[in-house]
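Coordinate analysis (summary)
The lines below spell out each chain.
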Amino acid sequence: KSLGKKSFGIFGEFYVTPERYATMTGRGRDHAMYGTNQYIDGPPTMNGGIVYSYYWYMFTAFVYGKPQYADGFALAYEEESNMLDTYDQASGQ
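Residues numbered from 1 in each chain as written. Predicted model: local features only at pLDDT ≥ 70, side-chain atom pairs only at ≥ 80, totals over all residues. Heavy atoms only, no water.

For the rest of this paragraph, the subject is the overall build of the protein chain. Counting secondary structure elements, the protein chain contains three helices and zero strands. When the elements of the protein chain are put in sequence order from the N terminus, they spell out α-α-α. For the protein chain, the proportion of its 93 residues judged to be buried stands at 25%. Look at the contacts in the protein chain between residues 6 or more apart in sequence, and 39% of them connect residues 24 or more apart. For the protein chain, the exposed surface amounts to about 7,300 Å²; the carbon and sulfur share of it is 57%. (Helix = DSSP H or I, 4+ residues; strand = E, 2+ residues; numbered from the N terminus. Buried < 20%, exposed > 50% of the residue type's maximum accessible area, 1.4 Å probe, protein only. Contact = heavy atoms within 4.5 Å. Areas by Shrake-Rupley, 256 points an atom, 1.4 Å probe, with all protein chains shown as cover.)

This is the structure:
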């Protein structure tokens, strides 16, 4: 079957748990490395600045009417600060 288009593209995201994307963000950390200065060997990856859990908190607050999740930034930071690598090698920050 045809879509009736000459060009077609699709965009998708992998929505996964913070524990999974912690291994894919920056230099990457596995569970044993949370809260330390250890990282998975290799180059930095997926440094898009996307905080997926923030979207989960906001979605839950709006769709399910749970106001305790409305402040998604603070909740996401609290959950993820020990697991994600936020160091940018290019800027040294």
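Picking up where we left off.
Overall, the coordinates contain five aromatic pairs when judged by the stated rule. Look at tyrosine 57 and tyrosine 69: their rings are 5.6 Å apart centre to centre, the planes differ by 20°, and that puts the pair in the stacked class. Placement of tyrosine 57 in helix α2 (residues 52-64) and of tyrosine 69 in the loop between α2 and α3 (72-80) is noted, with a sequence separation of twelve residues between them. Taken together through their ring pairs, the aromatic side chains of Trp56, Tyr57 and Tyr69 make up a single cluster. The ring of tyrosine 39 carries the charged tip of arginine 27 above its face, separated from the ring centre by 3.7 Å. (Phe/Tyr/Trp six-rings, centres within 6.5 Å; stacked < 30°, edge-to-face > 60°. Lys NZ or Arg CZ within 6 Å of the ring centre and 35° of its normal.)

Here we take up the nonpolar core. Counting five residues, the largest nonpolar core is built from Tyr21, Ala22, Tyr34, Met83 and Leu84. Non-local contacts of tyrosine 34, meaning those with residues more than four positions away in its chain, are made with Glu19, Ala22, Arg29, Asn82 and Met83. (Core = buried A, V, L, I, M, F, W, Y, C linked by side-chain atoms within 4.5 Å.)

Before going further, it helps to examine the side chain of threonine 60. In this structure, threonine 60 sits in helix α2. Setting aside chain neighbours within four positions, we find threonine 60 in contact with Gly65, Lys66 and Tyr69.

Another point: the environment of glycine 26. Relative to the helices and strands, glycine 26 is located in the loop between α1 (18-21) and α2. Glycine 26 gets classed as buried once you look at its relative accessible area, which sits at 3%. For the pair glycine 26 and tyrosine 39, spaced 13 residues apart in sequence, the C-alpha separation works out to 9.1 Å.

Let's shift gears to α3. Residues Gly72, Ala76 and Glu80 constitute the buried set of α3. The buried residues of α3 occupy an angular sector of 45° when the element is viewed end-on, so they sit on one face. Relative to its buried face, α3 has exposed residues pointing more than 90 degrees away, namely Tyr77 and Glu78. (Arc of directions from axis to C-beta.)

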